[in-house]
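An overview of the molecular structure
Here is how the chains run, residue by residue.
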Amino acid sequence: MASAAARLKEFVTTTFDRRFTPARPDLAAAHLKGHVEATIFVEGRDMQIAAPIADVRSGPTPDASLDTQALCGERVTVYEEHEGWAWGQLQRDSYVGYLPSHMLRPTPREPTHRVAALRTFVYPAPNMKVPPLEALPLGAEVTVESDDEYVRVADHGFVYAQHLQPLTEHEDDFVAVAERFLGVPYLWGGKTALGLDCSGLVQISLAAAGIAAPRDTDVQAREIGAELVLEEPLHLRRGDLMFWKGHVGIMCDEHTLLHANAHHMLVAREPFAAARARILAKSFGAVVTVRRLSDR
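Worth saying up front: this structure is predicted, and the values here are computed from it rather than measured.

**Comments concerning the nonpolar core**
For soluble globular proteins, the rule of thumb is that nonpolar side chains tend to be buried together. Ranked by size, the top nonpolar core spans 31 residues in total, and within it Phe 181, Leu 206, Leu 241, Ile 250 and Val 267 carry the most contacts. Contributing elements (two or more residues each) for this core: helix H2 (174–179), helix H3 (198–208), strand E20 (241–244), strand E21 (247–251) and strand E22 (256–261).

**Considerations on the side chain of His 156**
Residue placement: His 156 occurs in the loop between strand E14 (150–153) and strand E15 (157–160). Here Glu 134 takes part through its side chain, which lies 2.5 Å from a polar atom of the side chain of His 156. Discounting chain neighbours no more than four positions away, the residues touching His 156 are Ala 50, Cys 72, Arg 105, Val 122, Leu 133, Glu 134 and Leu 136.

**Focus on empty space enclosed by the protein**
The tally for this structure, following the rule as stated, stands at two cavities of 30 Å³ or more. As for the largest cavity, its lining consists of Gln 48, Cys 72, Gly 73, Arg 105, Arg 109, Pro 111, Glu 141, Val 142, Thr 143, Val 153, Ala 154 and His 156. Across the lining of the largest cavity, the residue classes break down as five nonpolar, four polar and three charged. In this structure, the second largest cavity spans a volume of roughly 30 Å³. Residue lining of the second largest cavity: Arg 114, Val 115, Ala 116, Leu 138, Gly 139, Gln 165, Glu 171, Arg 180 and Ala 208, and that is the complete set. For the lining of the second largest cavity, the residue count by class is four nonpolar, two polar and three charged.

**Details of the pattern of salt bridges**
Counted by the stated rule, this structure contains 21 salt bridges. A salt bridge links Arg 92 to Glu 74, with the nearest nitrogen and oxygen atoms 3.8 Å apart. In this pair, Arg 92 sits in the loop between strand E7 (85–90) and strand E8 (96–100) while Glu 74 sits in the loop between strand E5 (66–71) and strand E6 (75–82), placing the two residues 18 residues apart along the sequence. Two residues, Arg 238 and Glu 179, come together in a salt bridge whose shortest N-O distance is 3.2 Å. Taken together, the residues span a long stretch of sequence, with Arg 238 in the loop between strand E19 (226–227) and E20 and Glu 179 in helix H2 at a distance of 59 residues. Looking at Arg 238, the relative accessible area reads 36%, which means it is partly exposed.

**Some details on the sheet that holds strand E16 (residues 164–166)**
An order of E13-E10-E16 is seen for the three strands of this open sheet, with the pairing classed as antiparallel. In this open sheet, the two edge strands, each paired with only one partner strand, are strand E13 (141–142) and E16. Direction of pairing for strand E10 (residues 113–115) relative to E13: antiparallel, over a ladder of two bridges. Along E13, the bridge assignment pairs His 113 with Val 142.

**Topic: the sheet that holds E21**
Here six strands make up an open sheet; going across it, the order is E19-E24-E20-E21-E22-E23 and the pairing antiparallel. The two strands at the open ends of the sheet, each matched to only one other strand, are E19 and strand E23 (266–271). The pairing of E22 with E23 spans six bridges and is classified as antiparallel. Each residue of the ladder has a partner; that of Asn 261, found in E23, is Leu 266. Across the sheet, H3 lies against E20, E21, E22 and E23, angled at about 45° from E21, the strand it touches most.

Here is what the cut-offs are and how they apply
- Residues numbered from 1 in each chain as written.
- Predicted model: local features only at pLDDT ≥ 70, side-chain atom pairs only at ≥ 80, totals over all residues.
- Heavy atoms only, no water.
- Core = buried A, V, L, I, M, F, W, Y, C linked by side-chain atoms within 4.5 Å.
- Buried < 20%, exposed > 50% of the residue type's maximum accessible area, 1.4 Å probe, protein only.
- Helix = DSSP H or I, 4+ residues; strand = E, 2+ residues; numbered from the N terminus.
- Polar contact = N/O pair within 3.5 Å; in protein donor to acceptor, adjacent residues only side chain to side chain.
- Contact = heavy atoms within 4.5 Å.
- 1 Å grid on protein atoms, 1.4 Å probe; cavity = no way out; pocket = protein on both sides within 12 Å on 5 of 7 lines; lining within 4 Å.
- Points joined across faces, edges and corners; volume = space filled by probe spheres on them.
- Nonpolar A, V, L, I, M, F, W, Y, C, P; charged D, E, K, R; others polar.
- Salt bridge = Lys/Arg side-chain N within 4 Å of Asp/Glu carboxyl O.
- Pairing = 2+ DSSP bridges.
- Axes fitted to C-alpha atoms, helices over the stretch in contact; angles between N-to-C directions.

So, in structure tokens, the structure goes:
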């Protein structure tokens, strides 16, 4: 069976969904010539997220809707820079949108580690008592240049070494990662402990376990794991993903659902039966599919 990453790549190259297709009426990626209509076609420029978090918006204005977020170290193929905004495609999950240009590094560095804590401070010196410069979120990728209790991170500062993990290592249980976000506020388009949405929680938790996943629920419901037969009684287990039309949650065990949701306006854990009844009555309707990842 093809991996989630392979299925996602196939999906984005065979569909022309605006979320994953770098094409506008006036400008499109050169590789789309002959497939879409545009005034000009350009080759993309490989760049990298240099800020801790970069908002990816639907338009080149601060009040445009937040579609998703890119984390430090992620690569972006940029097709246009204009008046402080870059329009491009994230290389990790193929999402297309507008990012602030000043948050991009023109010459990408090769990361060596990722942040394994929900958030970790970056200091100007290897000393926790000095005022921090910034904070990096879980999943951010950095280049470590020293080996000590506080390691030097290229272009940023010093980070507590125990909060980092080599890129070759991953978490064993993505559900345990998701559970660490309990109580985090709900934020449409968010992907960090400052705020995240239902599909962002799934994507970032799976990424910590080394599993590539799409960004949005409709694609996740097609591309992650294998579909279970949707018949009563449901025989659920830890790690099963429950999908409604426009919503997703993670089973902590046979009876308990974890999800970032707009009812609680945060990441909550509650009885699946209660959540299912409320969602059926008030918002997304019935469960449409259940997906199960293969045993790891």
